[in-house]
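Commentary on secondary and tertiary structure
Spelled out, the chains give:
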Amino acid sequence: MTPGDVGGATPAVLADLASLAAALDGVVPARTESNLLIGTWNLRAFADLTAKWEAAPSDSPKRDWRAVACIAEVISRFDVVAVQEVRRDTTALRFLLARLGTNWRAITSDVTQGDAGNGERLTFLYESTRIQPSGLVGEIVLPPAAQGPVLQFARTPYAAGFTRGSVGFTRGSVGFTLTTVHVMWGTTQTDRLPEITAFAQWMRAWADEPKDLNENLLVLGDFNLDRIGNPLYEAFVSTGLWPPTELNNVPRTVFDNDTSTHFYDQIAWFSKDTGASLLHGLTYQGKAGTFDFIPHAFAGHTRLDVSWRISDHYPLWIEFQL
């Protein structure tokens, strides 16, 4: 199948893609010469793929070409997207890249070994006519303590530097560094606290290093936070990381409702005590949100069904002006 090819697609597939495209037009800002669109999305167990447009009830996995085409329709609206839960098997990832087209590239980590790592890797997808890698790529490893080695992250956070520019770009370039993470779930909230605390402290120390490759640090991913004001959230913001208020009340998962809400996924950057942003050359003007794909794909399927095809998480996005 060639990128963008819908040969053999059923009317249901074409209807999904048309509905998603129309809905995205009303939610996500259009690309302009002066903006930067960043997304983050936990794609549930993103691994193997059933190689046909619509998986049969007996097929496994349930994720098929239709599902990945829907995912690509969403991701295509952004300049760069951090993806969590990409597994060792990269069949779906490779199909997603083909679906996005020849201008799209991936930077991905290796798989974190061990049971806690869950066979996962962290991935950045970016549109190469608007975003270029700066050359910085790395994984966050905690330094040893005085008493010896320390417990590392269950799934190693992954950082990559980028430059916003384009062919014929006339406004100069702006560098930024994205660090993505999928914090361990654990048995209780207390299990997550050490990772969130260590991550926030490590990022603050990196931000404060003089003459380092730390221009415009942003963090994004699935932090498994529960709500504003609880110990996990307080640990997350304790070193000056702040998510935009526009993301405070948006749903994170397809199962969120009035009685059950989550705060798992975040996009944040460092600010001064006064609230002034420490970003340079990137201006946030209050445009951020999520995208609810449920009304626009896989009609007649339950939310649980769709969670295994597209995801149980909604994507988050944010727009900066250069």
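See above for the structure.
Note that the structure is predicted; figures quoted are calculated from it, not measured.

Cut-offs applied
Residues numbered from 1 in each chain as written. Predicted model: local features only at pLDDT ≥ 70, side-chain atom pairs only at ≥ 80, totals over all residues. Heavy atoms only, no water. Pairing = 2+ DSSP bridges. Helix = DSSP H or I, 4+ residues; strand = E, 2+ residues; numbered from the N terminus. Phe/Tyr/Trp six-rings, centres within 6.5 Å; stacked < 30°, edge-to-face > 60°. Buried < 20%, exposed > 50% of the residue type's maximum accessible area, 1.4 Å probe, protein only. Lys NZ or Arg CZ within 6 Å of the ring centre and 35° of its normal. Salt bridge = Lys/Arg side-chain N within 4 Å of Asp/Glu carboxyl O. Axes fitted to C-alpha atoms, helices over the stretch in contact; angles between N-to-C directions. Parallel < 35°, antiparallel > 145°, perpendicular 65-115°, else oblique. Left-handed = near helix turned anticlockwise from the far one by under 90°. Contact = heavy atoms within 4.5 Å. Patch = residues over 30% accessible without salt bridge, like charges linked within 9 Å, V, L, I, M, F, W, Y side chains within 5 Å. Areas by Shrake-Rupley, 256 points an atom, 1.4 Å probe, with all protein chains shown as cover.

What follows deals with the sheet that holds strand 5 (residues 131-139). Taken together, six strands build an open sheet; the order of strands is 5-6-7-8-10-9 and the sheet is mixed. Each having just a single partner strand, strand 5 and strand 9 (241-242) make up the two edges of the open sheet. Where strand 5 meets strand 6 (residues 158-164), six bridges bridge the pair, whose relative direction is antiparallel. Paired with Glu-139 across the strands is Tyr-158, a residue of strand 6.

To continue, consider the packing of aromatic side chains. For any pair of aromatic rings, geometry is given as the distance between the ring centres together with the angle between the planes. Inspection of the entire model under this criterion finds 16 aromatic pairs. Consider the rings of Trp-185 and Tyr-264, whose centres lie 5.7 Å apart with planes at 85°: the pair is edge-to-face. Of this pair, Trp-185 sits in the loop between strand 7 (174-182) and helix 4 (189-208) while Tyr-264 sits in the loop between strand 9 and strand 10 (265-270), and the two are 79 residues apart along the sequence. For Trp-185, a relative accessible area of 41% translates into the label partly exposed. For Tyr-264, a relative accessible area of 11% gives the class buried. Where Trp-202 meets Trp-206, the ring centres are 5.5 Å apart and the plane angle is 70°; that geometry is what we call edge-to-face. You can see Trp-202 and its partner Trp-206 sitting in helix 4, four residues apart, about one turn around the helix. Of the aromatic side chains, those joined through ring pairs into one cluster are Phe-124, Tyr-126, Tyr-158, Phe-162 and Phe-176. Looking at Arg-204, its charged tip hangs above the ring of Phe-270, at a distance of 4.6 Å from the centre.

With that settled, consider the pattern of salt bridges. Per the stated rule, a full pass over the model turns up 12 salt bridges. The partner of Asp-25 in a salt bridge is Arg-77, with the nearest N and O atoms 2.7 Å apart. With Asp-25 in helix 1 (residues 11-25) and Arg-77 in the loop between helix 2 (65-75) and strand 2 (80-87), this pair connects stretches of sequence that are 52 residues apart. On the accessibility criterion, Asp-25 (54% relative accessible area) is exposed. Taking the relative accessible area as the measure of exposure, Arg-77 reaches 19% and is therefore buried. With a shortest N-O distance of 2.9 Å, Arg-31 and Asp-79 are connected by a salt bridge. One end of the pair, Arg-31, is in the loop between helix 1 and strand 1 (35-46); the other, Asp-79, is in the loop between helix 2 and strand 2, with 48 residues separating them in the sequence. With a relative accessible area of 32%, Arg-31 lands in the partly exposed category.

Let us look at the packing of helix 1 against helix 2. Taken N-terminus to C-terminus, the directions of helix 1 and helix 2 make an angle of 15°; their axes are 10 Å apart at the nearest point. With respect to each other, helix 1 and helix 2 are oriented roughly parallel. Seen along the crossing, helix 1 lies across helix 2 with a hand that is right-handed. When helix 1 is examined against helix 2, the residues Ala-12, Val-13, Asp-16, Leu-17, Leu-20, Ala-21 and Leu-24 are found in contact with a partner set consisting of Arg-66, Ala-69, Cys-70, Glu-73 and Val-74.

All right, on to a nonpolar patch on the surface then. A cluster of nonpolar residues, Phe-255, Leu-304 and Trp-308, forms a patch on the protein surface that exposes about 300 Å² of accessible area. Relative to the elements of secondary structure, Trp-308 occurs in helix 6 (residues 303-309). A relative accessible area of 42% means that Trp-308 is categorised as partly exposed.

None of the figures reported here should be taken as evidence of function without further support.
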